[in-house]
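Okay, here's what each chain looks like letter by letter:
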Amino acid sequence: MKKTLIALLLLAPAPVIAHDAAPATQAAPAPERTREIAMTGGDNFRDVGGYRTADGHMVTWGKLYRSASVGRYTADDQALIRKLSVGSIIDLRSTRERQGDKAPWMQTADVGYWTRDYDLSGGNLGALFAKGAKFDAETMRGVMIQGYRGFPKEQAASYRILFDRLLTSDKAVIVNCTAGKDRTGLGVALVLSALGVPYETIMEDYLLSNTLLDADALRADAGMNAAMSALPADVAKPLLGVERAYLDAAFEQINKDYGSVDAYLAQELGVDAAARKRLRKRMLS
């Protein structure tokens, strides 16, 4: 699938011309910033910088990247992330998903790799298929929504480490899962929320996966259950894409269980008001 590059241009100020002397040399234009960064084997890899907060600050470029499976990175992809000064990779994939990696390079590379052993619960479609369930598109959509409602608690241990690395490391952080859209999508949404980015902007970033994710590559990923990858296109669509209702469900569950996103961050992830202030100082300009 041909990828669409979504570029955000940072405009340089107009050059000043001296009228009583020779024209001043025009300043070089500011570098072009590209949200999506093309990779050979990796997918849905993009910079989370450039978003505006409600009070007018901007998320700094090059601090946080989101990605589909790091297990598919080629040697060229690995060289690229070293150029990006990546010091941490937070891998949200389950134990079973990681078993499909043919060459788990990140386990021995000096990239601050972190993951944990666990099995997906509410979002474990493989277990449902094993029971012989018959799916249509609406059933699949319902399963996805239910999975998102479970993510805030299921992924809390991983999100806690994600915030810890962002708060303590001067190097860039990559957060990934198999598709880089669901568990990763919520994790990034929580970071942006903690930074004060409006929810509608958070949603726009979340929905970019529908444009930037290579669905064919995802279906072929070794971490995907074989029965899932063989689903009819209309049934697979809710699984392979993202919808507003999914992220809304996660935030609705957070508000129901904790009263607010800030309360969830403090109680489950240890990110209280003081930590949010430090995070904003580190990640905003």
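**What to know about the packing of helix 6 (residues 183-195) against helix 7 (residues 199-207)**
Each packed pair of helices is defined by two parameters, the angle between the axes and the distance between the axes.
So, point 1. Contact pair helix 6 / helix 7: the axes reach a minimum separation of 10 Å and the direction vectors enclose 155°. As the angle between them shows, helix 6 and helix 7 are arranged roughly antiparallel. Crossing of helix 6 over helix 7 shows right-handed handedness. The segment helix 6 lies against helix 7, with G185, V188, A189, L192 and S193 engaging I202, D205 and Y206.
So, point 2. Along the lines of polarity and charge, the residues of the contact of helix 6 with helix 7 split into 5 nonpolar, 2 polar and 1 charged.

**Considering the nonpolar core**
So, point 1. Of all hydrophobic cores here, the largest spans 61 residues; its most connected members are L64, F163, L190, Y264 and L265.
So, point 2. The element contributing the most residues to this core is helix 6, with 8 residues.
So, point 3. Not counting residues within four places of it along the chain, the set of residues in contact with L190 comprises Y159, F163, F251, I254, V261, Y264 and L265.

**What about the packing of aromatic side chains?**
So, point 1. Counted under the stated rule, the structure contains 8 aromatic pairs.
So, point 2. Seen from their ring centres, Y73 and W105 are 5.8 Å apart, and the 20° between their planes marks the pair as stacked. On the criterion of sequence distance, the pair formed by Y73 in the loop between strand 4 (64-67) and helix 1 (75-83) and W105 in the loop between helix 2 (95-98) and strand 6 (113-114) is long-range, its members being 32 residues apart. A single burial state applies to Y73 and to W105, both of which are buried.
So, point 3. Plain terms: the ring middles of Y148 and Y206 are 6.2 Å apart, the flat faces sit at 90° to each other, and that makes the pair edge-to-face. With Y148 in helix 4 (residues 137-154) and Y206 in helix 7, the pair connects residues that are 58 residues apart, well separated along the chain. Each member of the pair, Y148 together with Y206, is buried.
So, point 4. Three or more aromatic residues link up through ring pairs in this structure, and these residues are F45, Y65, Y73 and W105.

**A few points about the side chain of D101**
So, point 1. Following the sequence through the fold, D101 ends up in the loop between helix 2 and strand 6.
So, point 2. D101 sits in the buried class, given a relative accessible area of 15%.
So, point 3. Only 2.8 Å separates the side chain of D101 from the side chain of R93, close enough to count as a polar contact.
So, point 4. Among residues more than four places away in sequence, those in contact with D101 are S69, G71, R93 and M106.

**What about the pattern of salt bridges?**
So, point 1. Within this structure, the stated rule accounts for 14 salt bridges.
So, point 2. Between R141 and E243 there is a salt bridge, with the nearest N and O atoms lying 2.9 Å from each other. Taken together, the positions of R141 in helix 4 and E243 in the loop between helix 11 (233-240) and helix 12 (244-258) put the pair 102 residues apart, joining distant regions of the chain.
So, point 3. Within the structure, one salt-bridge network assembled from shared partners comprises R46, R66 and D205.

**So, the packing of helix 6 against helix 14 (residues 273-283)**
So, point 1. At a minimum axis distance of 9 Å, the contact between helix 6 and helix 14 shows a crossing angle of 95°. By the angle class used here, helix 6 and helix 14 are roughly perpendicular. On helix 14, the residues that touch V191, S193, A194 and L195 of helix 6 are R276, L279, R280 and M283.
So, point 2. Its residues assigned to classes, the contact of helix 6 with helix 14 shows 5 nonpolar, 1 polar and 2 charged.

Calculation notes
- Residues numbered from 1 in each chain as written.
- Predicted model: local features only at pLDDT ≥ 70, side-chain atom pairs only at ≥ 80, totals over all residues.
- Heavy atoms only, no water.
- Axes fitted to C-alpha atoms, helices over the stretch in contact; angles between N-to-C directions.
- Helix = DSSP H or I, 4+ residues; strand = E, 2+ residues; numbered from the N terminus.
- Parallel < 35°, antiparallel > 145°, perpendicular 65-115°, else oblique.
- Left-handed = near helix turned anticlockwise from the far one by under 90°.
- Contact = heavy atoms within 4.5 Å.
- Nonpolar A, V, L, I, M, F, W, Y, C, P; charged D, E, K, R; others polar.
- Core = buried A, V, L, I, M, F, W, Y, C linked by side-chain atoms within 4.5 Å.
- Buried < 20%, exposed > 50% of the residue type's maximum accessible area, 1.4 Å probe, protein only.
- Phe/Tyr/Trp six-rings, centres within 6.5 Å; stacked < 30°, edge-to-face > 60°.
- Polar contact = N/O pair within 3.5 Å; in protein donor to acceptor, adjacent residues only side chain to side chain.
- Salt bridge = Lys/Arg side-chain N within 4 Å of Asp/Glu carboxyl O.

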